[in-house]
Every structure is written in C-alpha cells, then in structure tokens.
Amino acid sequence: MSITAVDYIRTQEDLERQAKELMPYAPDECTFAKGQLRQPVFACVTCGSDDTPVGVCYSCSIQCHADHEIVELFAKRQFVCDCGTTKTPKACVLRQRGKDTGEQVLRPRTGSIDASTSSKPFREVEIGAGEDVPASSNQYNHNFSGTFCDCRQPYDPDDGNMIQCFCGEECGEDWYHEECILGFKQGLFRQSKSKNANTEDDDDVSQVPHFPKYSDFDAFICWKCVAAFPSLLELRDVALAFEKPHRPAQSVSEWLGEGDVSGKRRKRNDDVNFFLKPGFRSELEKVVETKPDTGLAKFLKIRRHLFEADPVYEPPNDDDEGDVVDMGTEALQSLPKEQALKGLEAYATMREKLKSFLTPFATNGEVVTADNVKEFFSKISEPKPTP
C-alpha cells in the first residue's frame, strides 16, 4: 500500500481531530471538591466490585485509572467522584498533585495522544491509600458493573439505540434497549433496514414495532420509576406526555393481545412507560404552579431538575492545538538540562530532514512508498564518516 505525502498529512490531521472530539476536555482537575454534579461518570470495574461500586469523573478516568477496566456511563445526576476515597485503593493523583510544590506538570494532550498508552505523562507523585470520605448521596446500580438495561447486558453499539431514563429515581438513570422498554426480548427486531419495512430509508423510525418516532419525544421515563412512584401516572393528564406499555411478549401479536379470546390481555394493568414531547418542561412547570396539591406536582417540587434546566457539567476544554511533535518538545523540558539540549538538537535535526524528505512528494502529489521510507531512515541512521 502507498499513499501521497498530502494524503498522509491529511490522515494524521483527521486522526487528531477525531481524538479531540472523543476527548475534548483538559483532564486536569478532579471534581470531588465540587460536590454533587450532573456530570459524565465512568465506572472503574478494576477498583470496584458488586458490593463496592466505584464511579470516577472524566479527568480521573484518564489520569488515575487509565490502565484499569473503565466503562463509560455518560451523565449521572448528583454524583461525587469516588477517586481517592476509601472506596479506591489509592489516593487521587490529581488532588495529591494539587497539594504538591507547584512545579511544572506535563500532561498528555488529548487531541494528540491516547492518554491510556502514554508513558508517565506526569512527574511521579508518591501517594498512599485513598482516605477521603465517599459521598453518601451517590446512587449506584448495575451500570457500575458494566451492564445496562433490564436485560443486564454490556453495551454493544450493534444492539441498536439505547435510551436513558430521564427520571432515574428507581432505576438509577439506567439505559434501555428499545425492545426492552416495550417488553420484547432484546435483539428480537435487530435486522437490516433493507429487510425491515418499518425503517426503510427513515432514520426517525425505530426498528422496533410500535416504538415511537425519535422526533416525537425528548425524554423517556421507564416503567420501573412509574411503578415506584404512582404519582407519575398523572402524566396522562399532561398535554406533552404520552404512554407506551411495558408488556413482556415474544411477538408483536402477543404484545398487542391478538388471539387472546378472553380479553384478559387488554384488561390487565400493564406497566407503563412515559415519553415526553419537545417542550415538556414548560408543561410540567405549569403543573407545579397551577396544581400544587396533586401528587405529580409534589413529586416535581422535590425533583426540579425534571422541569428546570439541568445542564451536564463539563470540564474546561482542552484548547491546546499542539501535535505529537510539540508534546515531545514539551516533554524534553522535564529532562536534565544537558540531556534535554541534546534531545532538542537531535529532534530539530530529525524534523528538518523529515520535512525536506516529504516536501517534494507533497508539492508534486507523488506517492510515498514503503521503499522510500526505508531508504530515508537507512540514510539518517548511517554512521557519519570520521575525518
């Protein structure tokens, strides 16, 4: 395989851009001291267990747990980072570093390098066991063991869309497969669009029959939360809410109750999911203001995030625009002066030679072959003749 120098440069730029999108924030600060936040949470399966689950913030997932088994849980409300508490075997590297002497700290640039594979991006800090007191407000569920939904399966992007419960009071803001929300077996309707008439050329339509269009709702409340808090059934009287039953079934006809001569299927009290249409927050706020004595209003008053703005905390953006080469230059600053100078000299020489080598290819749009690259490195590695 061979590519032009222009294509190679563009490929590297695309890779850095994609990495920047995946890890856009500066992983410099643990959120523990900020208290309860709605923030991105990452389960550390290595540090935790079923009895003692552990969730850490974005920065700690990179700087303190990069070589651990980490599961991204996305946003969780009122969560305090567990890193460095008595739930983890070691203190938080970031918080310990903040107590240090203030010497310059080097860190990987998330847009240019995979932090999990970097070699000691920070100066070593001697730390002992975690000693901080974990927050009693944190709510845990099976997500922290790496599984999701009522079917308790690890996340697999090939399994279709998953939707997070907007309420989360009973389920812990779990993520659900569309099939499981309605009561079907997960994966029952996983088939290509070409074989599924319901989804042909329509990204707004679920592959699961009778699941609402994605554009019809902004949020979803699972049947578990509704069953635990019956006052949520009053959402039936809210204009921008509609319901879908959770009805365990092996087929669409069974879910619809077809063939049930006795009619018991249609008369039974099914569990209920609620879907909230765009603009629902203003409607829920009206319930609180105009019907303060109803069960729904009382429920909302102590859970105001269900109708008020509830932004997800985001760490500061990583504004560094440097590339891997720049980061290498920066890393040299941590070396002894004499060694750093020699390294910088060697780096500058290599950079100029590589630039000179690639420039003609880029200018002419020519192909850089494997043989060209081998020849370049063989030449620069040849020992210089002694005078």
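Whatever comes next refers back to the structure up there.
Residues numbered from 1 in each chain as written. Predicted model: local features only at pLDDT ≥ 70, side-chain atom pairs only at ≥ 80, totals over all residues. Heavy atoms only, no water.

**Quick notes on the sheet that holds strand β9 (residues 271–276)**
- With antiparallel pairing, the three strands of this open sheet are ordered in space as β7-β9-β8. Bordering the open sheet on either side are β7 (219–221) and β8 (241–246), each of which pairs with just one other strand. The sheet shows a mean angle of 25° between the axes of neighbouring strands, taken without regard to direction.
- As paired strands, β7 and β9 are joined by three bridges and run antiparallel to one another. (Pairing = 2+ DSSP bridges. Helix = DSSP H or I, 4+ residues; strand = E, 2+ residues; numbered from the N terminus. Axes fitted to C-alpha atoms, helices over the stretch in contact; angles between N-to-C directions.)

**Here we look at the nonpolar core**
- In this structure, Tyr176, Ile221, Leu235 and Leu300 are the most contacted members of the largest nonpolar core, which totals 51 residues.
- Here this core gathers at least three residues from each of two domains, domain 1 (26–98 + 128–144) and domain 2 (146–186 + 208–258 + 269–278).
- When residues no more than four places from it in sequence are discounted, the contact partners of Leu300 are Leu284, Val287, Val288, Leu306 and Phe307.
- Formed by 18 residues, the second largest nonpolar core is a distinct cluster that contains Phe32, Phe42, Cys81 and Cys83. (Core = buried A, V, L, I, M, F, W, Y, C linked by side-chain atoms within 4.5 Å. Buried < 20%, exposed > 50% of the residue type's maximum accessible area, 1.4 Å probe, protein only. Domains from an automatic or database assignment. Contact = heavy atoms within 4.5 Å.)

**Focus: the pattern of salt bridges**
- Taken as a whole and assessed by the stated rule, the structure comprises 12 salt bridges.
- The salt bridge involving Asp310 is made with Arg77; its shortest N-O contact spans 2.6 Å. Remark: Arg77 occurs in strand β4 (residues 70–79) and Asp310 occurs in the loop between α9 (295–301) and α10 (324–332); sequence separation between them is 233 residues. In this structure, Asp310 and Arg77 share a single accessibility class: buried.
- Taking the shortest distance from any N to any O, the salt bridge between Lys224 and Asp150 comes out at 2.9 Å. Note that Lys224 is positioned in helix α5 (residues 223–228) and Asp150 in the loop between α3 (93–98) and β5 (162–164), a separation of 74 residues in sequence. (Salt bridge = Lys/Arg side-chain N within 4 Å of Asp/Glu carboxyl O.)

**Some details on the side chain of Glu178**
- By the secondary structure assignment, Glu178 is in helix α4 (residues 178–182).
- Here the side chain of Glu178 touches Ser206 through a polar contact of 2.7 Å, side chain to side chain.
- Filtering out sequence-adjacent residues up to four positions away, Glu178 remains in contact with Asn161, Ile163, Arg190, Ser206, Gln207, Val208, Phe211 and Tyr214. (Polar contact = N/O pair within 3.5 Å; in protein donor to acceptor, adjacent residues only side chain to side chain.)

**A short note on the packing of aromatic side chains**
- Following the criterion strictly, the structure yields 16 aromatic pairs and no others.
- Taken together, a centroid distance of 6.4 Å and an interplanar angle of 55° make the contact between Phe42 and Tyr58 tilted. Highlighted residues: Phe42 in strand β2 (residues 37–44) and Tyr58 in helix α2 (residues 58–63), separated in sequence by 16 residues. With respect to class, Phe42 is no different from Tyr58; both count as buried.
- Consider the rings of Tyr140 and Phe144, whose centres lie 4.9 Å apart with planes at 70°: the pair is edge-to-face.
- Since its relative accessible area comes to 25%, Tyr140 is described here as partly exposed.
- Members of the aromatic cluster, joined through ring pairs, are Tyr176, Phe211, Phe217, Phe220, Trp223, Phe242 and Phe275.
- Directly above the ring of Phe166 sits Arg77, whose terminal nitrogen or CZ lies 5.2 Å from the centroid.
- Its guanidinium or amino end placed over the ring of Phe229, Arg303 lies 5.1 Å from that ring's centre, counting from NZ or CZ. (Phe/Tyr/Trp six-rings, centres within 6.5 Å; stacked < 30°, edge-to-face > 60°. Lys NZ or Arg CZ within 6 Å of the ring centre and 35° of its normal.)

**Notes on the sheet that holds β4**
- As summarised here, the arrangement of the three strands in space is β3-β2-β4, forming an open sheet in which the pairing is antiparallel. What marks the edges here is a single partner per strand, and that holds for β3 (55–56) and β4.
- Where β2 lies against β3, two bridges are found, and the strand directions are antiparallel. Residue pairing in the sheet places Ala43 in a bridge with Gly55 of β3.

**Things to note about the environment of Cys180**
- If you trace the backbone, Cys180 turns up in helix α4.
- For the pair formed by Cys180 and Pro248, sequence separation is 68 residues and the distance between their alpha carbons is 8.4 Å.
- Contact partners of Cys180, with chain neighbours within four places excluded, come to Cys149, Cys151, Gln186, Trp223 and His246.

**Quick look at helix α8 (residues 280–290)**
- Turning to α8, its buried residues number three or more, namely Phe280, Glu283, Leu284, Val287 and Val288. An end-on view of α8 places all buried positions within 145° of arc, on one side of the element. Turned more than 90 degrees away from the buried face of α8, the exposed residues are Glu289 and Thr290.
- Where α8 is buried, its residues contact β7, β9 and α9. (Arc of directions from axis to C-beta.)

**Observations regarding the side chain of Asp174**
- Turning to its location among the elements, Asp174 is positioned in the loop between β5 and β6 (175–177).
- Once you skip the residues sitting within four places of it in the chain, Asp174 turns out to touch Asn141, His142, Asn143, Phe148, Cys149, Asp150, Ile163, Gln164 and Cys165.

**Here we look at the environment of Leu235**
- For Leu235, the position within the fold is in the loop between α5 and β8.
- Of the residues examined, Leu235 reaches a relative accessible area of 2% and is grouped as buried.
- A sequence separation of 41 residues divides Leu235 from Leu276, and the C-alpha atoms of the two residues are 9.1 Å apart.

Limitation: the analysis is restricted to geometry and does not speak to function.
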